[in-house]
Amino acid sequence: MIDARRLRILRAVADHRTVTAAAAALYLTPSAVSQQLAALEQETGHRLVERGARGARLTSAGEILLSHANVVLAQLERAEAELADYSAGVAGTVTVAAFATGIGLVLAPALRELARTAPGIRVRVQDAEGDASVPMVLDRQVDVAVAVEYRGAPAEDDRRLTRVPLYSEPFDAVLPVDHRLADQAQVAVADLAKDPWIGPYPGNPCHDVVVLACEFAGFAPRLEHSSDDFRAVVALAGADAGVALVPRSALSGMELTGVVVRPVEGSAPTRRVFAAVRQGAEGHPLIRPVLAAMEAVAVREAGLARA
């Protein structure tokens, strides 16, 4: 009989590409992961993982087993949800990983609502960049992710996850106050091709949005300065260090000394935000109210378009 715990280890190796990284995500030692993989191969009678200089990859048999593992693990999540529902009362802790703006826009207001509607639920918040929270959900480090679409993100039909769209928002152009385009009502990204740029580091989902917007406009941005803190990005623009594209919500309430903010002409680059849980966990009596509260806040209070 196949041990479901070993299926989680197989999936972690597939996700992280190395035994060492999978072990770190699962809070195990690499030798323990190797032992569990060996036991799983003995249970199935097939070689499941091949290791090389570039890491570990699943064999064809491993890929077959992984497709079934995703179904089995999702069903186990549903079983836990139903058993929790059966238990008397709804009280416990839900851990949510979210990026800073998402915390301010939807998660913090949702906490206020949950304190009124579901006082038995305690939510623990962890600050995580928009591309980091989904792997934390898959590795069972947190229960819920508030994440941003990015290149390399799990697809919408990924059988490991259930998504709840929250909101989408445009990026605005941030220019030094004496920029040649500062007096325009809207700014075309193509008109900024020769400017120095300020933006997030590679790996940040917003970096992808900026680079793709520039590529669509026919050029590669000359990124002179990098910061994942949009307050720093705006401050650098105010110092005439370059131009930037910044999510609209990140500019709300920010000191905008020395800059002008202009909508992007045409189809503006957009940040799409969603909540994600392990498939099957969306019905858990602790997780379900948290998802519902964030979704309600996104619709009612955020003032942004649905994702």
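Provided above is the structure to which this section pertains.
Below: a short report on this structure. Everything numeric here is computed off the predicted structure, so don't read it as measured data. (Residues numbered from 1 in each chain as written. Predicted model: local features only at pLDDT ≥ 70, side-chain atom pairs only at ≥ 80, totals over all residues. Heavy atoms only, no water.)

**Overview of the pairing of strand β11 (residues 270–278)**
The line we're drawing: Between buried and exposed lies partly exposed: a residue is buried under 20% and exposed over 50% of the maximum accessible area for its type, with that area taken using a 1.4 Å probe on protein chains only. Comment: elements are numbered from the N terminus, with helices defined as DSSP H or I runs of at least four residues and strands as E runs of at least two. We call two strands paired when DSSP finds no fewer than two bridges between them.
Summarising burial for β11: seven of the nine residues are buried, a large majority. Where strand β5 (residues 144–148) lies against β11, four bridges are found, and the strand directions are antiparallel. Across the sheet, the residue bridging to Ala-145 is Ala-276, located in β11. Two strands pair when backbone bridges link them, and strand β6 (residues 161–176) and β11 are joined in this way by nine bridges, in the antiparallel orientation. Following the sheet pairing, Glu-169 is matched in β11 by Arg-271.

**A closer look at helix α5 (residues 100–117)**
The condition that has to hold: Expected helix span is computed as 1.5 Å times (number of residues minus one). Note on contacts: a residue pair is in contact if any heavy atoms of the two residues lie within 4.5 Å.
Over its 18 residues, α5 runs 24 Å from end to end, which matches the ideal 26 Å to within 8%, given 1.5 Å per residue. Buried residues of α5: Thr-101, Gly-102, Val-106, Leu-107, Pro-109, Ala-110, Glu-113 and Leu-114, and no others. Buried residues along α5 sit in contact with β3 (92–98), β4 (121–127), β6, α9 (248–251), β11 and α10 (287–300).

**Quick notes on empty space enclosed by the protein**
Heads up, the rule is: Using only the protein atoms, space was sampled on a 1 Å grid; points where a 1.4 Å probe fits but cannot get out form cavities, open sets with protein on both sides within 12 Å along at least five of seven lines form pockets, and lining residues are those with an atom within 4 Å of a point. Grid points are joined across faces, edges and corners, and a volume is the space filled by probe spheres set on the points.
In this structure the tally under the stated criterion is one cavity of 30 Å³ or more. Roughly 40 Å³ of volume is contained in the largest cavity. Every residue along the wall of the largest cavity is listed here: Arg-8, Arg-11, Asn-70, Leu-73, Ala-74, Glu-77, Arg-140, Arg-159, Arg-160, Arg-278 and Gln-279. If you list the elements that add at least two residues to the lining of the largest cavity, you get α1 (4–16) and α4 (60–86). For the lining of the largest cavity, the leading source of residues is α4, giving four residues.

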